[in-house]
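Architecture and fold: a report
Residues per chain are reported as follows:
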Amino acid sequence: MARPLARLRSALDARVQAWIRRRQGIDPDPLRLDRRRIYILPTPLGIAYAAMLFAMVLGGMNYGNNLGLGLAFLLVSLGLVVMHHCHGTLSGLRLRLAATESGFVGSEVGFGINFENTALAPRPRIELGVGREPKRVVDVPAGGTATAELSVPATRRGRVRLERFVVATRHPLGLFRAWAVVHCEYAAIAWPAPAERGRVPPGIETDTGGAQEHAQGDHDFAGLRPFQPGDSLRRIAWKAYARGQGLHTKQYAGTDVVSHVFDWDSLPALGTEARLAQLCRWVLDAHEQGEAFGLRLPGVTLEPNVGTAHRERCLDALALFEVSDGRA
Amino acid sequence: MAALERAEPGLRGLPWVIAALGAALAPHVPFLPAWATLLLVAAGAWRWAADRRRWLLPPKWLRVVAVGAVTLAVLGTYRTVNGIEAGTVFLALMAGVKLLETRGSRDLTVLVFIAYFLLYAALLRDQRLPQLPYLLGVTVFATAALMRVHAGTAGDSGRDVLRRSATLLLQALPLALLLFVLFPRLPGPFWGIATGDQARTGLGDEMTPGDISDLSVSGEVAFRVRFDGEIPPPAQRYWRGPVLHEFDGRSWRRPRAQAFPSQEVQYVGDPVDYQITLEPTDRPWILALDMPAAWPEREAWRTYDFQLVSPRRLTEVSSFRLRSYPQFVAGTDLPLSLHRKGTQLPPEGNPRSRALARELAARHGGDPVAITRDLLTMFREQPFVYTLDPPKLADNAMDEFLFETRRGFCEHYASAYTLVMRAAGVPARVVTGYQGGEFNPIGGYLIVRQSDAHAWSEIWVDGRGWLRVDPTAAVAPERIEQNLVRALAADEAAPGRLRDANPLWLQVELTWDTLNDFWNERVVRFNAARQMNLLERLGFEDPDWRTLGLGLAASLAAFFVTLSLYLAWRYREPPRDWPARLHAEVARRLGKRGLVPAAAEGPVAYLERAEQALPDLARDLAAIRQLYVDLRYGPLPNESDLRRLKHLVNRLRP
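Residues numbered from 1 in each chain as written. Chains lettered and ligands numbered in written order. Predicted model: local features only at pLDDT ≥ 70, side-chain atom pairs only at ≥ 80, totals over all residues. Heavy atoms only, no water.

Take the overall build of chain B next. Within chain B, the regular secondary structure consists of 24 helices and 21 strands. Against the 2.2 N^0.38 benchmark of 26 Å for 654 residues, chain B shows a C-alpha radius of gyration of 37 Å, more extended than a compact globule. With respect to the principal axes defined by its C-alpha atoms, chain B has extents near 135 × 70 × 50 Å. Put simply, of all contacts in chain B between residues at least 6 apart along the chain, 71% involve residues at least 24 apart. (Helix = DSSP H or I, 4+ residues; strand = E, 2+ residues; numbered from the N terminus. Rg over C-alpha atoms; globule rule 2.2 N^0.38 Å. Contact = heavy atoms within 4.5 Å.)

Before going further, it helps to spend a moment on the packing of helix 21 (residues 578-591) of chain B against helix 22 (residues 603-613) of chain B. All names here are of chain B. Remark: helix 21 packs on helix 22, axes separated minimally by 12 Å, with the N-to-C direction vectors making an angle of 30°. The two elements helix 21 and helix 22 meet at a crossing, and its hand is left-handed. Note on element contacts: helix 22 touches helix 21 through P603, Y606, L607 and A610, opposite H583, V586, A587 and L590. Residues that form the contact of helix 21 with helix 22 fall into these classes: 7 nonpolar, 1 polar and no charged. (Axes fitted to C-alpha atoms, helices over the stretch in contact; angles between N-to-C directions. Left-handed = near helix turned anticlockwise from the far one by under 90°. Nonpolar A, V, L, I, M, F, W, Y, C, P; charged D, E, K, R; others polar.)

With that settled, consider the domain arrangement of chain B. As far as domains go, chain B holds domain 1 (14-151), domain 2 (206-501) and domain 3 (578-651). Using C-alpha coordinates to define each centre, domain 1 of chain B is positioned 64 Å away from domain 3 of chain B. (Domains from an automatic or database assignment.)

Residue and element names in this part refer to chain B. Considering all chains together, one arrives at 31 aromatic pairs over all chains under this definition. Between W46 and W55 the ring centres are 6.3 Å apart and the planes differ by 40°, which places this aromatic pair in the tilted class. According to the relative accessible area criterion, W55 is partly exposed, its value standing at 34%. Put simply, the rings of F223, F227, W239, Y274 and Y434 touch in pairs and so form one group of aromatic residues. Positioned above the aromatic ring of W545, the side-chain terminus of R546 is 5.6 Å from the ring centre. Between the NZ or CZ atom of R570 and the centre of the ring of Y571, over which it lies, the distance is 5.4 Å. (Phe/Tyr/Trp six-rings, centres within 6.5 Å; stacked < 30°, edge-to-face > 60°. Buried < 20%, exposed > 50% of the residue type's maximum accessible area, 1.4 Å probe, protein only. Lys NZ or Arg CZ within 6 Å of the ring centre and 35° of its normal.)

Quick look at the side chain of E411 of chain B now. Residues and elements named next belong to chain B. By the secondary structure assignment, E411 is in helix 13 (residues 410-423). We note that E411 is buried and unpaired, the nearest opposite charge coming from R479 at a distance of 9.3 Å. Filtering out sequence-adjacent residues up to four positions away, E411 remains in contact with M207, T208, P209, G210, D211, I212, S213 and A455. (Lys, Arg positive; Asp, Glu negative; His and termini not counted. Salt bridge = Lys/Arg side-chain N within 4 Å of Asp/Glu carboxyl O.)

Quick look at the pattern of salt bridges now. Tallied over the full model, the rule gives 39 salt bridges over all chains. Across the pair R37 of chain A and D27 of chain A runs a salt bridge, and its minimum N-O distance is 2.7 Å. You can see R37 of chain A sitting in the loop between strand 1 (31-32) and strand 2 (39-42) and its partner D27 of chain A sitting in the loop between helix 1 (2-24) and strand 1, a full 10 residues away along the chain. Judged by its relative accessible area of 12%, D27 of chain A is buried. Close ionic contact of R589 of chain B with E585 of chain B constitutes a salt bridge, the shortest N to O distance being 2.8 Å. Pair noted here: R589 of chain B and E585 of chain B are both in helix 21, with a separation of 4 residues, about one helical turn.

Okay, the environment of R281 of chain A next. Mapped onto the fold, R281 of chain A is located in helix 5 (residues 272-289). Ignoring any residue separated from it by four or fewer positions in sequence, one finds R281 of chain A in contact with P194, A195, E196 and R197 of chain A.

Take the pairing of strand 9 (residues 158-169) of chain A next. All names here are of chain A. As paired elements, strand 6 (residues 123-129) and strand 9 share 4 bridges and run antiparallel to each other. Bridging from a neighbouring strand, L128 pairs with V167 of strand 9. When strand 9 meets strand 10 (residues 176-191), the two strands line up antiparallel, connected through 11 bridges. Bridged to F165 within strand 10 is V182. Count of turn residues in the strand 9/strand 10 antiparallel hairpin: 6 residues, of which G174 carries a positive phi of about 75°. (Pairing = 2+ DSSP bridges.)

Here it is in C-alpha cells:
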C-alpha cells in the first residue's frame, strides 16, 4: 500500500523540483541566503507546543486563572520570538562549494559546502542535507567559516551531479525549522569500482639505470627522507618511527625502476566496464606498491609517474572514459 | 536483543530536563500522595544515574506495565484522571515513565513540555504574588533545558544557556503583556470545575476551643477592605462569619439544615460602603461588616442568621461591593424554631456552669441584660487571662475553664458565655468571624489577617432583637480597641509581634501587602469588564471586541517589526573602514557592467582587471586604485586623499 504512494510522492516531488529549477534557475556560487528564499514552518514538536498552548489558554479561560493565562501568553510570545530567531539564524548566511571528493562506485562522493558567516552573531546548528533529513550539522561562528560535507552515493561511473541541497536550522528551541533549497550544478567524480585481485598486470617496462637522474627503485637502500603525503605505506621506515625519529620514507636507488603501463588494449576479452575495473585495480595496486605506472586508453595517454596526484589523474581518466554527457 | 536498548550515552540536556521537571513539580509535592513523590524522585534519580553509568533502559513491556500500573494507581486513589488534583498526579507520573524511555531530543522536548504544563497546573492551584517569581524562574529554567536539548555549541556553559534563555523570554515579555491585556476574555467556565478538597486556613463551620487560637497564629491575610468613606472605629469592625447554633458540650456547629424563617432588620445611622477582596478559602463565606445591608444580586445572599454567603465556594481571590450598617436592630420577632435552636443544650454536662446560670437567672428574674452584666463583671474582676496558649480542657470543658483554669482565647469566653446564657433560658449563639484589622496607609485599605479571627456571642432580648455581646472585650479590651498583640501578655509569642515592635519592619510588611493587593486587584482579578475599563482609560471610546482585535493586530505587527529590526542589528556585519566601504561601492557600481570581484580577487587586482575591461573608465579607476593603495598601505594616509577617493567613487557612472 505504502510503496506506490511513496513512489507517486517522490515522482511528484521530482516534478515540482524540476519546475522550481526551471523557474528559479541555477543559484550563483557563492550564494547569500536572503529572506526571500528562506521558508519556515513549525516542526512536529512546534505543533505539539502550539497544541499545549491552546490547551493552556482554554484552561486559563475556563478557570478564570490569569496567572495561568499569563504563562500561556508568555510561551506563545516565546514561540514567535523563537520563530524570528530561527529565520534570522539562516538569513544572510553565505555558502559556496569548497571541494568535491571523488569516490569509487558503490561508496560515496562528497561535496564540501563552505558556510561563511560575516555577521557579528554566531549561527549555530546549520543543517545540511539533500532532503528533509539533515545529514550534517555545523556551527558557524561569528565572523567565521565552517565546512560540512554532503555525501552522495556513487551509483554509476562518471560525474555524480548535485542539483539541489537543503540548508536548514532548528535553532534555538527546535520548535521551528527554517530552510532554503539551493539549486546548484556541482559534480563530483565517481571512479569505477576496482576489479577483484587476480589478473596479473601486463609486462613491466624496465628503464635502465642512469636513464633517470633520481631514479627510485626497489633494490638498493639509499637513505631516508621525511615522509610526504602520497608515499607508499610500505616504504615508511617503521623502525625509525618506533625509535621516535618521526615518519620517514625509505629511499632506494637501483637500476631497475619498475614502471608499468596499463593498456586498454591489453584486455581485449573484457567489456568496457570490466576493462576499466581491471585497470582501476592495477592502478591502485601499483600505487600502493609505490611503483610508477602509466595509463593508455583510446584517446588518452598518461605517462608513467608516481604520487597521489598522478593516481587521481589516472582514476579520473578511467571514470570519465567515454562518458557521454552534454554538459561535461 | 531488541528489548534491551542501550540509551544514547551522555544524552545532551538530560540533567537539565530532570531538574526542570523537579522545579515544576516542587509546589505539587504537598498535594501528591507520598508514593507518587517517591516514585518520581526514584525515576529521576535512576534515569540520571543510568545516563552517567550507561545502564540499560527498561524494555518496552516493562514501560507498558508501568503505564498501566500508574493509571490504575491514580484511578484507585482519585477515581478519575481528570481535574487538577488527579490530572497533575497523572501527568507527573507519565513524565516519570517517559523519563525511563528517554532516548533522543524528541523525548526530552516532550518532557520539557510536561514541565511547562506542571508549572501551569501549579498556577491553577495558587496564583498569588509569590507565584510570579516562581513562574518566571521555572520558565527560564525549562526554556534553558529545551535550549540545551536543541543547543548549538557543545561547549556552552550552563550560565550561558540560562542567560540566553532569559534573553529570549525578555524579548517575549512585551508581546506577552500585550496579549494579556488585549486577548479577549470570555466569561467562563466552559466546562465544570472540579476542585479538590484542600485544607486552606480560614474559618470552619465548627468551633472547638482551640480552633480559633490555632488560626490566630497565622499572620496570613484573610481579606482586604477598601472603604469609600471613613473607616469605622475598631469597636465596630466585626466581620461576620459563620453563626454557630448547635452545642454538644464542647464544640459549636453551624446547623446543616438552613431552613429557618428570615428575620427583619432595621438599619440605624449612616451606612458604610466598601469593597472587600477575599483570599481564596474554598468556603462560600463573605466576611461582611456586621450588618450587611446591600450586596450584588446573584453573587451573594444573606442567611436567616445574617451571614453573607456566596452561591459558590471561593476558590479564587474574590471581590464584592457591599454596604453595611454598623448600627441596627435585628430580629425583634423570634420564630419558635429559632428560639428552640437558640436555647438548645446537651442533656447533661458542665453542671457547674448550669448551676451558675440557674443562680444568675433566679437572682435577676431571667433578665438577659442583667445576667450578662454579672457574667462580664466576673470575667473582668476575677483572675481570667486572655492567652493564645490556653491549657487543654477535658470532658466538662466549660466548667473547667470557668472555675479552674481561667485561661482562654476568645472562643473560650464566647463559648462559656453562650452556654451560661442558654442554661439561663436566654436564646444565644456564637458568631465567628474577624474583628479589627490593620489600616495600610501605603495602599489606603484595611488588612484583616487570620490573626484577627474572633468569636463573640449574640443574645436575643425581647423588644431589642439580637444583641452582640463580646465577652473578650471584658477580659482584654485591648484586643478590640487595638489588636491581638497588644492584648496578649508581652512574653507570649504572637503573629505580628515583630511588626508591632519595629516600625521599619512594619513599613516593609505594609509595602509587601500593598504589592499583593495591587497584584490581586489588577492581575488576578483581571476580567472582561476590567479589560474594557482599561481600554476606556487608555482613550478608546466605547471599546468592544473589534477594538481588541485591532489592538492585537497592531501589537503583533509592531512586535514583528521590532523583532526583525533587532535581529538585523544582531546579525549585522562588523563596521568596515572607509577604503573598504568605498571599494565595496565601486564593486557595486561596476557590477552593473558585469564586473564582479572573484572569490580570491583582491581590490587591486579587481580594479586592474576593470581598467582593462572598461577603457572608458580606466583613468578614474586607475586613480581610485592608486588612492586606495595609498590609503590602505601608504605610510601617511591622510584626509584629503580620502576626500578625493570619495569624490571619485561618487563620480563613477558605469
